[in-house]
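What the coordinates show
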Amino acid sequence: MNVELQMLAWSVALGIVHLLVAAGFMTAQRGVRWNAGARDGTPAPLTGVAARLERAWRNYLETFPLFAALALAVVVAGRGNDHTALAAQLYFWARLIYVPVYAAGIPYLRSAVWAVALWAIAQLLWALL
């Protein structure tokens, strides 16, 4: 299997774990009853780690579709090489590191890790242009 597809699969797995962790912290703040209910009304805003994990999850949802589309396109177009394989690996590892860094509230490191993931996406795009 292509490295790009392997990293896509691992990134999906990461997304599932990311979702479950963010949901777990949200449920810890808002309660199981709220989570299991209809969620009518406006809940109190999340705070602390739960809020940071929610924002990190939203950020993941912004970058993952770009990565997924480009990883698939690179493979389908036969444009994969060592450079795109490295880019796909960098995306995955940067997104993996991003979660605990954001949860811990480390501002500049968080931005640097995000930039690595964005650079990886740009490298996949470049391979197709």
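Residues numbered from 1 in each chain as written. Predicted model: local features only at pLDDT ≥ 70, side-chain atom pairs only at ≥ 80, totals over all residues. Heavy atoms only, no water.

Structural notes on the side chain of R95
Spelled out, the test is: By the criteria applied, helices consist of DSSP H or I runs no shorter than four residues and strands consist of E runs no shorter than two, each listed in order from the N terminus. In what follows, residue pairs with any heavy atoms lying within 4.5 Å of each other are defined as contacts.
Turning to its location among the elements, R95 is positioned in helix 4 (residues 82-104). When sequence neighbours within four positions are dropped, the list of residues in contact with R95 reads L14, A56, N59, Y60, T63, W114 and A117.

Some points on the UniProt feature "transmembrane region" (unreviewed entry) in the protein
For the record, the criterion: UniProt positions are given in the numbering used here, feature names are shortened, and annotations may be inferred rather than shown by experiment.
The UniProt entry lists residues 7-26 and 60-78 under the feature "transmembrane region" (unreviewed entry), expressed in the numbering used here. End C-alpha to end C-alpha, residues 7-26 measures 28 Å, and it is 100% helix and 0% strand. In residues 60-78, helix accounts for 89% and strand for 0%; the two terminal C-alpha atoms are 26 Å from one another.

Concerning helix 4
Quick note on the threshold: By this rule, a helix spans an expected 1.5 Å times one less than how many residues it contains. In this scheme, the bend at a residue equals the angle between the axes fitted to the seven residues that finish there and the seven that begin there. Think of a polar contact as two N or O atoms within 3.5 Å of one another; within protein, one of them needs to be a possible hydrogen donor and the other a possible acceptor, and neighboring residues in sequence only count if both atoms come from side chains.
Taking 1.5 Å as the rise per residue, helix 4 with 23 residues should run 33 Å; its terminal C-alpha atoms sit 33 Å apart, in good agreement. A maximum bend of about 25° is found in helix 4 at Y98, where proline P100 lies one to four positions downstream. With a side-chain oxygen positioned 2.8 Å from the backbone nitrogen of H83, the residue opening helix 4 is N81.

A look at the side chain of S11
Locating S11 in the fold gives a position in helix 1 (residues 3-30). If sequence neighbours within four positions are ignored, S11 has contacts with Y60, F64, F67, Y91 and F92.

A word on helix 3 (residues 48-76)
Across its 29 residues, helix 3 extends 42 Å between first and last C-alpha, which sits within 8% of the 42 Å expected from 1.5 Å per residue. Residue T63 marks the point of greatest curvature in helix 3, where the axis turns by about 30°; the proline P65 follows within four residues. G78, located one to two residues past helix 3, shows a positive phi value of around 70°.

Considerations on the packing of helix 3 against helix 4
Stated formally: Angles run from 0 to 180 degrees between N-to-C directions of axes, and those axes are lines fitted to C-alpha atoms, restricted for helices to the stretch in contact. An angle below 35 degrees is read as roughly parallel, one above 145 as roughly antiparallel, one from 65 to 115 as roughly perpendicular, and any other as oblique. Any residue that is not Ala, Val, Leu, Ile, Met, Phe, Trp, Tyr, Cys, Pro, Asp, Glu, Lys or Arg is counted as polar, Gly included; the first ten are nonpolar and the last four charged.
Contact pair helix 3 / helix 4: the axes reach a minimum separation of 9 Å and the direction vectors enclose 175°. Classed by the angle they form, the pair helix 3 and helix 4 counts as roughly antiparallel. Contact residues: V49, R52, L53, R55, A56, N59, Y60, T63, F64, F67 and V74 in helix 3; T84, A88, Y91, R95, Y98, V99, Y102, A103 and A104 in helix 4. Looking at the contact of helix 3 with helix 4, its residues break down into 14 nonpolar, 3 polar and 3 charged.

Things to note about the packing of aromatic side chains
Using the following cut-off: When two rings of Phe, Tyr or Trp (its six-membered ring) have centres within 6.5 Å they constitute a pair, described as stacked for plane angles under 30 degrees, edge-to-face for angles over 60, and tilted for the intermediate range. Relative accessible area decides the class of each residue, using a 1.4 Å probe on protein chains only: under 20% of the type maximum gives buried, over 50% gives exposed, and in between gives partly exposed. A positively charged side chain is recorded as over a ring if its NZ (Lys) or CZ (Arg) lies within 6 Å of the ring centre. The angle to the ring normal must also be within 35 degrees.
A complete count under the given rule lists 5 aromatic pairs for this structure. Taken together, a centroid distance of 6.1 Å and an interplanar angle of 20° make the contact between W57 and Y60 stacked. Taken together, the residues W57 and Y60, both in helix 3 and 3 residues apart, mark about one turn of the helix. Like W57, the residue Y60 is buried in the burial classification. Between Y60 and F64, the aromatic rings sit 5.5 Å apart at their centres with planes inclined by 15°, giving stacked as the arrangement. Of this pair, Y60 and F64 both sit in helix 3, 4 residues apart, roughly one helical turn. Taken together, the ring pairs in this structure connect W57, Y60 and F64 into an aromatic cluster. In this arrangement the basic side chain of R30 is found over the ring face of W34, its NZ or CZ atom lying 4.8 Å from the centre. Sitting over the face of the ring of Y98, R95 holds its NZ or CZ atom 4.3 Å from the ring centroid.

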